[in-house]
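So the chains spell out like this:
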Amino acid sequence: MSAFDLSDLLGSPAGVSPATHAVLPVASAVATGGVAYDGADKMNRLGMWQPALRSADADLLPVKDDLDARGHDTLRNDAYVAGGATIRKDSIVGTRFLLNAKPETKLLFGKADDTWEAEAQEEIETKFTLWAESDQCYPDAARRKTLTDIVRLGVGVHLAGGEALASAEWFDDGRPFASAVQMIDTARLSDPRDRLVNAPNRVRKGVEIDAYGAPVAYYIRNAHPSDYRSSTARISDSMTWKRIPARKPWGRAMILHVYEQMRPDQTRGVAAMAAALTEMRMTRHFRETQLQQAVIAATYAASIESELPVDAALNLGAAAGEGNATTEWMGAYLEAINEYAGAGKNLHMDGAKIPIFAPGTKLKLQNPGTVGPASDKYEQSLLRYIAAALGVSYEQLSRDYTQTNYSSARASSGETLKSMMSLKRIVAEKIANFVYRLWLEEAINYKDLECFKRPGTPRFYDGMNAEAFSACEWIGAGQGQIDPLKETQAALLRLKSGLSTKESEISKMTGGDFRKVARQIKRERELDAKYGNPSVYDQESKDLENSLAASPREKDAA
């Protein structure tokens, strides 16, 4: 049998570039008697709806800066949107973003090794967490943020601009590990004007891509285009760019660019809240207008109104100014009212005063709280737009639970949880994985982990070993409980039915590490035994349920 190349069996690449799709002329369907889809009708009510059909980058990149600026402005000045951003951070990240290392021993050693895996998890998680969550802020190039802070920042930045950007840095300044990350404002990722002539044609808003759309390098401005107190040097820096390769030749990532593609060939991210920017702006204006109306109404407690007929006022003359009959009459009329009211004595009835007014006038009390009858529903409608854009429930965003029962709260919480879990995977875990893989690569190469000193440990860079070494999960915020008893019972049923594990349930319900929980339970059992105290862990679950339900027994009720 003749020799052959493996590519003969696998075939050759199609070679379809994202930027070279042919555009063929399309015959007009209207000329042949109308269209098959009402949504494509160009003759009736949809005739004026003619949006352009452009590529994802042609739609987004020219207006990217405007969308980001408006998103940041809304996040700064709208209390509801700012609250929604906090809800996202608290629901995804929580107070601490914990590593749950899960190295794939079957791939690394050819068979599963539970003993080694347990020891490796213990050592890796302990050393990484001490480094990542230290008050010395080792993971941050700027020495301001812990890992949790970095992830929370990335989640917040992603909300306003639809993307997060960070670079891998190396510091030999006495830190326990030299690896660190620098969070970068996405406004600095832009086309290099200082080398626009020599820049490759495939640079899209600061991202250099290859023929298949894969990022090759990133162009980062040396300073923000509108930096605070920009000196001459800073202004000069803002007009120069640095080209940073996407990764080192051996595979070490140099840039993390987190965003979700909404369409193929999309190079930059767009915020989900961009679709609701109009509603967010209108909601803010609506609240300001309502507040101004209430302030103006509250300024005047009452007014005196005249019943002078309109035709009489017209006969006196409508023009204003000196010598005008209307003006002169109004002046004399107000003087007469002032003299009459000042001279008159108010009647008293059981301490209450009854004012006396001039004939033809009446007192009208103002209601400072007067608002439009549909104002509350209108604002609720706008807030639902905002909640949908932020991926949270209306009740959470507005803090209004007056119309909520357990079932609706549970359904609402479930929908929010799905959105938050998706964002956790798309944004938070990618940022955390970026930091963890940089640290793990350095720790393995410098032999700082005892678990990787065993004979036969494969090289980090061979095949998919890097992925096997750095495989992990992340424990963020607990999902919270609306009815603790019902949800605890449901968790126990899942455990007893084999549908879940303690690791999963503890991380979901409390955001804790099941190994630390197990060790703490052991300590408490030993302490109870030492002092002869009954242990809560030995009580029957039925007794606990009855005590939590707080329902009296029949003989007590009698």
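Because the structure is predicted, anything quoted here is derived from the model rather than measured.

J.: Where do I start with the overall build of the protein chain in this structure?
T.: Per the secondary structure count, the protein chain includes 20 helices and 13 strands. When each of the 558 residues of the protein chain is scored for burial, the buried share is 33%. Contacts in the protein chain between residues far apart in sequence, at least 24 positions, make up 67% of those at least 6 positions apart. For the protein chain, the accessible surface area stands at approximately 35000 Å², while carbon and sulfur atoms represent 55% of it.

J.: Before we go on, may I ask you to explain the pairing of strand 3 (residues 179-184) in this structure?
T.: Among the six residues that make up strand 3, five are buried, leaving the element largely enclosed by the rest of the structure. In terms of strand pairing, strand 2 (residues 163-170) meets strand 3 through six bridges, oriented antiparallel. Bridge pairing in strand 3 places Ala-166 opposite Met-183.

J.: Which parts of the structure should I look at to understand unusual backbone geometry?
T.: Across residues other than glycine, the phi torsion is negative in most instances, and most of the peptide bonds are trans. We note that Cys-137 has phi near 55°; this positive angle belongs to a residue other than glycine. Mapped onto the elements, Cys-137 comes out in the loop between helix 6 (114-132) and helix 7 (147-161). With relative accessibility at 8%, the residue Cys-137 sits in the buried group. Backbone geometry at Lys-205 places phi at a positive 50°, although glycine is not the residue there. One can find Lys-205 in the loop between strand 4 (203-204) and strand 5 (207-209). Assessed through its relative accessible area of 14%, Lys-205 is described here as buried.

J.: Hey, could you run me through the packing of aromatic side chains in this one?
T.: Enumeration according to the criterion identifies 15 aromatic pairs in this entry. Where Trp-116 meets Phe-452, the ring centres are 5.7 Å apart and the plane angle is 65°; that geometry is what we call edge-to-face. Within this pair, whereas Trp-116 is found in helix 6, its partner Phe-452 is found in the loop between helix 14 (406-445) and helix 15 (465-469), the two being separated by 336 residues in sequence. The pair formed by Trp-116 and Phe-452 is uniform in burial state, with each residue classed as buried. The interplanar angle of 80° and the centroid separation of 5.4 Å between the aromatic rings of Phe-460 and Tyr-461 together place this pair among those described as edge-to-face. In this structure Phe-460 comes out as buried when scored by relative accessible area, which is 5%. Take Tyr-461: its relative accessible area is 29%, and that puts it in the partly exposed class. Pairwise contacts between aromatic rings join Phe-97, Phe-128, Trp-131, Phe-177, Tyr-436, Trp-439 and Trp-474 into one cluster.

J.: What am I meant to see in the sheet that holds strand 8 (residues 255-259) here?
T.: The strands making up a sheet associate through hydrogen bonds between their backbones, and the pairing can be parallel or antiparallel. The strand order across the open sheet built from three strands is 3-2-8, with neighbouring strands paired in antiparallel fashion. Whereas interior strands pair on both sides, the edge strands pair on one side only; in this sheet they are strand 3 and strand 8. Across this sheet, the average inter-strand angle for adjacent strands is 25°, counted without regard to direction. Both strand 2 and strand 8 contribute to a ladder of five bridges, which runs antiparallel. In the sheet register, Glu-163 faces strand 8, and the bridge partner there is Tyr-259.

J.: How do you make sense of helix 17 (residues 502-510) when you look at a structure like this?
T.: Glu-503, Glu-505, Ile-506, Ser-507 and Met-509 are the residues of helix 17 that are buried. For helix 17, the side-chain oxygen to backbone nitrogen distance between the N-cap and Ser-504 is 3.2 Å, and the N-cap itself is Thr-501.

J.: Please clarify how empty space enclosed by the protein should be interpreted in this entry.
T.: Using a probe with the size of a water molecule, rolled over the atoms, empty space left in the structure can be pinpointed. For the structure on display, the rule yields two cavities of 30 Å³ or more. Computed from the structure, the largest cavity encloses a volume of approximately 40 Å³. Along its surface, the largest cavity is lined by Leu-67, Asp-68, Gly-71, Ala-160, Gly-161, Val-270, Ala-271, Met-273, Ala-274 and Leu-277. Taken together, the elements giving at least two residues each to the lining of the largest cavity come down to helix 3 (64-77) and helix 7. Sorting elements by how many residues they give to the lining of the largest cavity places helix 3 first, with three residues. When grouped by side-chain class, the residues that make up the lining of the largest cavity number seven nonpolar, two polar and one charged.

J.: Help me out: how do you make sense of the sheet that holds strand 4 in this one?
T.: If you trace the four strands from one edge of the open sheet to the other, you get 4-5-6-7, paired in antiparallel fashion. Each of the sheet's edge strands pairs with one partner strand only, and the pair in question is strand 4 and strand 7 (241-245). Summarising the sheet, strand 6 (residues 215-221) and strand 7 pair through five bridges and their orientation is antiparallel. Opposite Ala-217, over in strand 7, you have Pro-245 as the bridge partner.

J.: Can you walk me through the environment of Met-273 in this structure?
T.: Relative to the assigned elements, Met-273 resides in the loop between strand 8 and helix 9 (277-299). Distance in space between the C-alpha atoms of Met-273 and Leu-159 is 7.2 Å, their sequence separation being 114 residues. Once you skip the residues sitting within four places of it in the chain, Met-273 turns out to touch Gly-71, Thr-74, Val-81, Leu-159, Ala-160, Met-280 and Ala-389.

J.: Teacher, can you tell me more about the environment of Ala-274 here?
T.: The residue Ala-274 is located in the loop between strand 8 and helix 9 in this model. As for Ala-274 and Asp-68, which are separated by 206 residues in sequence, their C-alpha atoms are 8.6 Å apart.

J.: Would you mind going over the packing of helix 16 (residues 484-496) against helix 17 with me for this structure?
T.: If you want to describe how two helices pack, look at the angle between their axes and the distance between the axes. One can describe the packing of helix 16 onto helix 17 by two numbers: an axis separation of 10 Å at closest approach and a directional angle of 160°. As summarised for this structure, helix 16 and helix 17 are arranged roughly antiparallel, according to the angle between their axes. Here helix 16 runs over helix 17; the crossing is right-handed. Residue-level inspection shows Glu-487, Thr-488, Ala-491, Arg-494 and Leu-495 of helix 16 in contact with helix 17, the latter providing Lys-502, Glu-505, Lys-508 and Met-509. Across the contact of helix 16 with helix 17, the residue classes break down as three nonpolar, one polar and five charged.

Calculation criteria
- Per chain, residues are indexed from 1 in the order of the written sequence.
- It should be noted that, the model being predicted, local features are given only for residues of pLDDT at least 70 and side-chain atom pairs only at 80 or more, the latter also being counted only at that level, while totals for whole chains, interfaces and linings use all residues.
- Calculation of side-chain values draws on the structure's entire complement of heavy atoms; hydrogens and water are dropped beforehand.
- We count a stretch as a helix when DSSP gives it H or I for four or more residues in a row; a strand needs E for two or more, and each element gets its number in order from the N terminus.
- Here's how the labels work: a residue is buried when its accessible area is under 20% of the maximum for its type, exposed when over 50%, partly exposed in between, all with a 1.4 Å probe on protein chains only.
- We call two residues in contact whenever any of their non-hydrogen atoms come within 4.5 Å of each other.
- Here, Shrake-Rupley sampling with a 1.4 Å probe gives the accessible areas, and only protein chains in the shown set may cover a residue.
- By the convention used here, strands pair only if DSSP detects at least 2 bridges between them.
- Centre distance within 6.5 Å is the pairing criterion for rings of Phe, Tyr and Trp, where only the six-membered ring of Trp is used; planes under 30 degrees apart are then read as stacked, over 60 as edge-to-face, and the remainder as tilted.
- For helices, the fitted line uses only the C-alpha atoms of the stretch in contact; every axis is such a line through C-alpha atoms, and the angle between N-to-C directions lies from 0 to 180 degrees.
- For the purposes of these results, a polar contact is taken to be a pair of N or O atoms within 3.5 Å, where, inside protein, one atom must be able to donate a hydrogen and its partner to accept one; residues adjacent in sequence count only when each atom of the pair is a side-chain atom.
- We place a 1 Å grid over just the protein atoms. Points where a 1.4 Å probe fits but has no way out form a cavity, open points with protein on both sides within 12 Å along at least 5 of 7 lines form a pocket, and any residue with an atom within 4 Å of a point lines it.
- Grid points are joined across faces, edges and corners, and a volume is the space filled by probe spheres set on the points.
- Residue type decides the class: Asp, Glu, Lys and Arg count as charged, Ala, Val, Leu, Ile, Met, Phe, Trp, Tyr, Cys and Pro as nonpolar, and the leftover types, Gly among them, as polar.
- Roughly parallel covers angles under 35 degrees, roughly antiparallel covers those over 145, roughly perpendicular covers 65 to 115, and oblique covers all other angles.
- Whether a crossing is left-handed or right-handed is set by the direction in which the near helix is turned from the far one by less than a right angle, anticlockwise for left-handed and clockwise for right-handed.

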